[in-house]
Amino acid sequence: LAKTTQPISMDSYEGQEVNITCSHNNIATNDYITWYQQFPSQGPRFIIQGYKTKVTNEVASLFIPADRKSSTLSLPRVSLSDTAVYYCLVFRGDYKLSFGAGTTVTVRA
Amino acid sequence: DAGVIQSPRHEVTEMGQEVTLRCKPISGHDYLFWYRQTMMRGLELLIYFNNNVPIDDSGMPEDRFSAKMPNASFSTLKIQPSEPRDSAVYFCASSQDYLVFYEQYFGPGTRLTVT
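In this report, the structure presented in the accompanying data block is examined. Quick caveat, the model's predicted, so the values are computed rather than measured.

On to the pairing of strand β5 (residues 53-56) of chain A. Residues and elements named next belong to chain A. Looking at chain direction, β5 and strand β6 (residues 61-64) are connected through four bridges and run antiparallel. Among the inter-strand pairings, Thr 53 is bridged to a residue of β6, identified as Ile 64. Taking the residues between adjacent antiparallel strands as the criterion, β5 and β6 are bridged by four residues.

Right, here's the structure in full:
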């Protein structure tokens, strides 16, 4: 499994854009990049997945450069309810998701 | 759909007792996963099933742990005998099919405390 590295924590304020960058230097050709969100006392929730370039949905955008050695999850105009742990995962289709430590995002008023 | 259902939500038991955790996946989902989450080790995959068949149990910590899926709508994770180090939050998740298995739907979890 490709190893991922992401910041342990990030602080932000309501209304700001939050960008979380994940490093995955040994990503393989068949690997996809997936992000999950986990609120306190809840199970993780799928946010977005991508292979290259940019993917956008109603929750976030995912930017993946051409070399795919990193990816950036962008959360537009965060609110207090976006306070959560965000996990970057790389998988190869082997039906296993390997969760790292994640990034704890704290949004303040 | 009600989502993935887990029971009980909280379980407190004494060391040596048998513990059974239950999960009902989302109807129509082919894959079911059991995870364990602790502060020290994070979120770990224990075992997963495809169409009720266990595919990979390499994450099961030891023989005290066992999991079954007798039908498409029910799975159990059993710990016998339980030990204090088994204290954790246990999540069950399901996904629809191999095309979107990366999109897993997690249940609310069962918080297990072994004293």
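Anyway, onward from the coordinates.
What follows concerns the interface of chain A and chain B. Interface size is commonly expressed as the accessible surface area that is lost when the partners come together. The interface is formed by 17 residues belonging to chain A together with 18 residues belonging to chain B. Summing the contributions of chain A and of chain B, the shared interface buries around 1,500 Å²; its carbon and sulfur component is 60%. One can count zero salt bridges joining chain A with chain B. At the level of secondary structure, the elements contributing two or more residues to the side of chain A that touches chain B comprise β3 (32-38), β4 (45-50) and β8 (84-91) of chain A.

Bringing the packing of aromatic side chains into the picture now. Counting across every chain of the model gives 14 aromatic pairs over all chains. Seen in terms of ring centroids, A:Tyr87 and A:Phe99 are 5.3 Å apart; in terms of plane orientation they differ by 90 degrees. Their pairing is edge-to-face. Of this pair, A:Tyr87 sits in strand β8 while A:Phe99 sits in the loop between β8 and β9 (103-108), and the two are 12 residues apart along the sequence. For the pair shown, A:Tyr87 and A:Phe99 are each scored as buried. Judged by centre distance (6.1 Å) and plane angle (85 degrees), the rings of A:Phe99 and B:Phe106 are edge-to-face. In this pair, A:Phe99 sits in the loop between β8 and β9 while B:Phe106 sits in strand β10 (residues 105-106), so the two residues belong to two different chains. A residue is classified by how much of its surface remains accessible, and A:Phe99, at 7% relative accessible area, is buried. Using a relative accessible area of 12% as the deciding quantity, one classes B:Phe106 as buried. The positively charged end of A:Arg68 is found above the aromatic ring belonging to A:Tyr51, 3.9 Å away from the centroid.

Conventions adopted
Residues numbered from 1 in each chain as written. Chains lettered and ligands numbered in written order. Predicted model: local features only at pLDDT ≥ 70, side-chain atom pairs only at ≥ 80, totals over all residues. Heavy atoms only, no water. Pairing = 2+ DSSP bridges. Helix = DSSP H or I, 4+ residues; strand = E, 2+ residues; numbered from the N terminus. Contact = heavy atoms within 4.5 Å. Buried area = accessible area lost by both parts, 1.4 Å probe. Salt bridge = Lys/Arg side-chain N within 4 Å of Asp/Glu carboxyl O. Phe/Tyr/Trp six-rings, centres within 6.5 Å; stacked < 30°, edge-to-face > 60°. Buried < 20%, exposed > 50% of the residue type's maximum accessible area, 1.4 Å probe, protein only. Lys NZ or Arg CZ within 6 Å of the ring centre and 35° of its normal.

From the geometry alone we can't say anything about function, so treat these as descriptive.
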